[in-house]
Amino acid sequence: MQPSFPPSAAMPSPAPWALGIVAGTAVQLQQARLWPDGVYGGLLVLALLVAGLARHGQGWPRRAGRLGVSLLAVFAAAFLLAFAQAGWRAAAFQAQALAPALEGQDFEVVGLIASSPQLDGHAVRFRLELEQARQGDRWVRLPPLLGLSWYAPRPTQGRLQGLDEPAAEEELEAQRLSDEALRRPLQAGERWRMTVRLKAPYGLRNPHGFDQELHWWEQGVQALGYVRTVARHAPPQRLAAARGHWVERARQATRAAILRQLESSPQAGVIAALVMGDQRAIERADWDVFRATGVAHLMSISGLHITMFAWLAGALLTALWRASARYGPAACLAIPAHVAGAWGGLLLAAAYALFSGWGVPAQRTVLMLLIVVSLRTSARLWPWPQVWLLTMAAILLIDPWALQQAGFWLSFVAVALLFASDVGQSEARPPGDRVLRPALVRIWLALVHLLREQSVMTLALAPLTLLLFQQVSVVGLLANLLAVPWVTLVVTPVALLGVLWPPLWSLSALALEGLMALLTPLSHWPWAVLERPAAPWWYAAAGLFGGLLLFMRWPLSLRLLGLPLMLPVLFWQNPKPGHGSFELLAFDVGQGTAVLVRTAGHSLLYDAGPRYGPGSDAGARVLVPALRALGVRPDLLLLSHSDTDHIGGAAAVLAWLPDLPLMSSLAFDHPLLRSATRHRPCRAGLRWQWDGVDFELLHPSAEFAAGTRKPNELSCVLRVSAAAGQGAALLAGDLEARQEAELVLQSQLRADVLLAPHHGSRTSSSDALLDAVQPRWALVQAGYRNRFGHPAPEVMARYAQRGVGVMQSAYCGAATWRSARPEKVQCEREAAPRYWQHRVGPTAFD
């Protein structure tokens, strides 16, 4: 006989507390600058006082007015508590930031490797838990956690140029010692002494771009840098073998074992992601397939995997617990089998989530499982909205900045949609004879449940997916119907069992290859992905509500009202320049150039930014996501010249838009031209007009291009001018002073905006050019603390002498200028500043 418990309705509702925590966290994350610590401390005290008032109010007579005041006090106390604790933690963390005066300096540090080192091209990236730091004979205070890169030395003639023979030998010896230290893989938990050069955690800022600085903030990293391996510093030295950091060491060992077992398999990275949450191991080409087919959520540790793991572990433990009663019933009498199985499954699932990296989906799932297990084993049951809200509040108390993550919203909105649409209560029945075998009935109901669940996820989540990623998979429903059961019930369990017996990883990879054989053709379907511009959040909210209505168990006439609510997010268009006007968007791509020119109905992309490393470039990381979010598909890609910092992202752009026409000064045998369907060399005198806006190429001439030239000398120079002289822009590539002088004699150069030639190098931006152009603004696209010293001080002085406003991408982010408002440049870093974003000034160059 089960003991009786008071009904759950008698328990105080957690909803006001949870709503207050969510609201307080959301408001605190909008702060551009943090307040002093004392203010947050005072708010914490006030929160406790209000909480006491709310506690006292619970004993008041149940009258409507007093009950409302009590609930409002509960909400206010939770709001203040969440706001104050998030602000206080942020202020304490910000106090550990790297002092600006220490950027670009060398320090000898001692610390523990706190993460699994990752091989990225010619560099090993890891995090160092700092123990001590010194500069010369004095100790210095540095942030406690550093994000470091150790580049494999590559002796070059340029590095040794100008050194006498003894100095060159010392450099080569330093490189040899660094190679020797790197020959044995770094291990998490090892203690090292090394010399590092540090800078603040700076990230690119572009419209609708990924907030890299928030990512580092959440990870606790307050300084980035690299290991110095030059002769004047002592070589890196391993001081002690690995100790502590057991989870990271286990993750690193498992990853290495997977890669050894699957050395020749293209699915090794996906198996590593499924077993230990290492999403960086997945190749970009595989990610493209997963995103196009809408199954990316399955290819890393997700709530579905952890729930499945908890269920399987709980079922196994329950069976073992019951079997143990044969040898002694004491344990089962003390703790029922279903209770032991539920809590044991939860603990094992939490360990799995911790091993996988403890991401937001894992946190959300473990906390929700904890609440559900607690309620069910105590014979209490809360409505799902209360459990949902309580889980959200718990995560935000642990990690307030999770509210800014796309994964947070996808996780919680998906769960809410499934519960609200009552997916788990499907009333579908198999057709035909009612007398069927129970196994067939269960299979049928499972298939119907899967179809309804995936329909909700695909259609109802589409508005949120468009808001967050500006694309949604059209083939996602079909792909998930195939992938969800296969990955969840076959690939992932077998991959997890491979931890116990590694040959199973090969079997899991084989199963995954079969799935990829089906997904790859789907991803190549011409209409596999629907791309839409990023709409305002309220459009997505209306679309989500509309998608939910479609799947509610209400009359059809009410459900069909959801369709018009989904239309605004599908047909949203970003504002465009008027006829005869144009706008210029200089992307923040680091040390490189990429500029978008938009008219009323056309657009041109001038250069495509740099290549950052193997598998990483400005095209994939910055340009394609930004262009997709803006709703822009360029009509022409113009590559000024062949330097990597100008064409590094071109391949990704051309892969996204295979039919995009290309104009450039590249040699006819350049590899990029093989992937371009249409190419035309840029030549001086070429003109065209789009929507009343004139485009004219000023350099190079056909005669000039025919000779043997350096790439910079061949830079395509483009002048764009609005109708009726409303404004003009001059894009000069990496043109140098000699070609600038020739250009001044041949062309009309007057322009309101000048893209600073060669990123502000001392070899460009001559007096003659500036006097001819007479710009109001100069845009300098150069990396933060770049090694070239761009923009050069003497160039900045020339601009200052003429009263030219200089906007550097390093501290402005992406810069937008409009011919209709030529007196203003809009900086992305100033559009919505937040306290975790690094603030830099115009002197940020080495």
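Residues numbered from 1 in each chain as written. Predicted model: local features only at pLDDT ≥ 70, side-chain atom pairs only at ≥ 80, totals over all residues. Heavy atoms only, no water.

Caption draft 1: Seen up close, the state of the cysteines. According to the stated counting rule, one finds two disulfides in the structure shown. Two residues share a disulfide in this structure: Cys-682 and Cys-716, whose sulfurs sit 1.8 Å from each other. Its S-S torsion of about -55° marks the bond between Cys-682 and Cys-716 as left-handed, since a negative value means left-handed. Here Cys-682, found in the loop between β18 (679-681) and β19 (687-690), pairs with Cys-716, found in the loop between α26 (702-706) and β21 (717-721); they are 34 residues apart in sequence, far enough to count as distant. For the residue pair Cys-682 and Cys-716, the accessibility class agrees, reading buried in each case. For Cys-812, the disulfide goes to Cys-827, at an S-S distance of 2.0 Å. Between Cys-812 and Cys-827, the S-S torsion sits near -105°, and that sign places the bridge as left-handed. A residue pair is termed long-range when its members are at least 10 positions apart, and Cys-812 in helix α30 (residues 809-812) and Cys-827 in strand β27 (residues 821-827) qualify at 15 residues. For the pair shown, Cys-812 and Cys-827 are each scored as buried. (Disulfide = S-S within 2.5 Å. Helix = DSSP H or I, 4+ residues; strand = E, 2+ residues; numbered from the N terminus. Buried < 20%, exposed > 50% of the residue type's maximum accessible area, 1.4 Å probe, protein only.)

Caption draft 2: Highlighting the packing of helix α20 (residues 537-551) against helix α22 (residues 562-571). With their axes 7 Å apart at the nearest point, α20 and α22 run at an angle of 150° to one another. With respect to α22, the axis of α20 lies roughly antiparallel. As for the relative orientation of α20 and α22, their crossing is left-handed in sense. Facing Tyr-539, Ala-540, Ala-542, Gly-543, Phe-545, Gly-546, Gly-547, Leu-549 and Leu-550 of α20, the residues of α22 in contact are Gly-562, Leu-563, Leu-565, Met-566, Pro-568 and Val-569. Of the residues belonging to the contact of α20 with α22, the class tally is eleven nonpolar, four polar and no charged. (Axes fitted to C-alpha atoms, helices over the stretch in contact; angles between N-to-C directions. Parallel < 35°, antiparallel > 145°, perpendicular 65-115°, else oblique. Left-handed = near helix turned anticlockwise from the far one by under 90°. Contact = heavy atoms within 4.5 Å. Nonpolar A, V, L, I, M, F, W, Y, C, P; charged D, E, K, R; others polar.)

Caption draft 3: Here's a closer look at the pairing of strand β3 (residues 123-135). One ladder, built from six bridges, connects strand β1 (residues 106-113) with β3; its direction is antiparallel. Across the sheet, residue Gly-111 finds its bridge partner in β3, namely Leu-130. Across three bridges, strand β2 (residues 118-120) lies against β3 in antiparallel orientation. Each bridged residue has a counterpart across the sheet, and for Asp-120 the counterpart in β3 is Ala-123. Remark: two residues form the turn of the hairpin made by β2 and β3, two consecutive strands paired antiparallel; Gly-121 in that turn has positive phi of roughly 70°. (Pairing = 2+ DSSP bridges.)

Caption draft 4: Focus on α20. Over its 15 residues, α20 runs 22 Å from end to end, which matches the ideal 21 Å to within 8%, given 1.5 Å per residue. All buried positions along α20 are accounted for by Ala-540, Gly-543, Leu-544, Gly-546, Gly-547, Leu-548, Leu-549, Leu-550 and Phe-551. (Expected span 1.5 Å × (residues − 1).)

Caption draft 5: Molecular detail of the nonpolar core. Counting 45 residues, the largest nonpolar core has Trp-217, Trp-388, Met-392, Trp-401, Phe-408, Tyr-835 and Trp-836 as its most contacted members. Of all the elements in the fold, those that place two or more residues in this core are α1 (15-28), α2 (37-57), α3 (64-94), α6 (212-219), α13 (360-377), α14 (384-398) and α15 (406-420). Of all the elements, α3 adds the most residues to this core, at eleven residues. Residues within four places of Trp-836 in sequence aside, it is in contact with Leu-29, Asp-211, Glu-213, Leu-214, Trp-217, Trp-401 and Gln-404. In this structure, Ala-268, Ala-272, Leu-450 and Val-475 belong to the second largest nonpolar core, which totals 37 residues. (Core = buried A, V, L, I, M, F, W, Y, C linked by side-chain atoms within 4.5 Å.)

Caption draft 6: Local environment of the pattern of salt bridges. Applying the stated criterion across every chain yields a total of 22 salt bridges. Across the pair Asp-106 and Arg-228 runs a salt bridge whose closest N-O atoms are separated by 3.3 Å. Note that Asp-106 is positioned in strand β1 and Arg-228 in the loop between β7 (223-227) and β8 (237-240), a separation of 122 residues in sequence. Among the residues examined, Arg-228 registers a relative accessible area of 11% and is labelled buried. A salt bridge links Asp-617 to Arg-284; the shortest N-O distance between them is 3.4 Å. Here Asp-617 is found in strand β15 (residues 616-617), whereas its partner Arg-284 is found in helix α9 (residues 284-293), with 333 residues between them in sequence. (Salt bridge = Lys/Arg side-chain N within 4 Å of Asp/Glu carboxyl O.)

Caption draft 7: Here's a closer look at unusual backbone geometry. The omega torsion of the bond from His-699 to Pro-700 falls at 0°, within 30 degrees of zero and hence cis. Secondary-structure assignment places Pro-700 in the loop between β20 (693-699) and α26. At the junction of His-790 and Pro-791, the peptide bond is cis and its omega measures out at -5° in the coordinates. Locating Pro-791 in the fold gives a position in the loop between β24 (777-780) and α29 (793-801). In this structure, His-208 is a non-glycine residue whose phi angle is positive, near 60°. With respect to the helices, strands and loops of the structure, His-208 is situated in the loop between β6 (191-199) and α6. With a phi close to 70°, Asp-607 is a non-glycine residue in the positive phi region. You can see Asp-607 is positioned in the loop between β13 (603-606) and β14 (611-613). In this structure Asp-607 comes out as buried when scored by relative accessible area, which is 0%.

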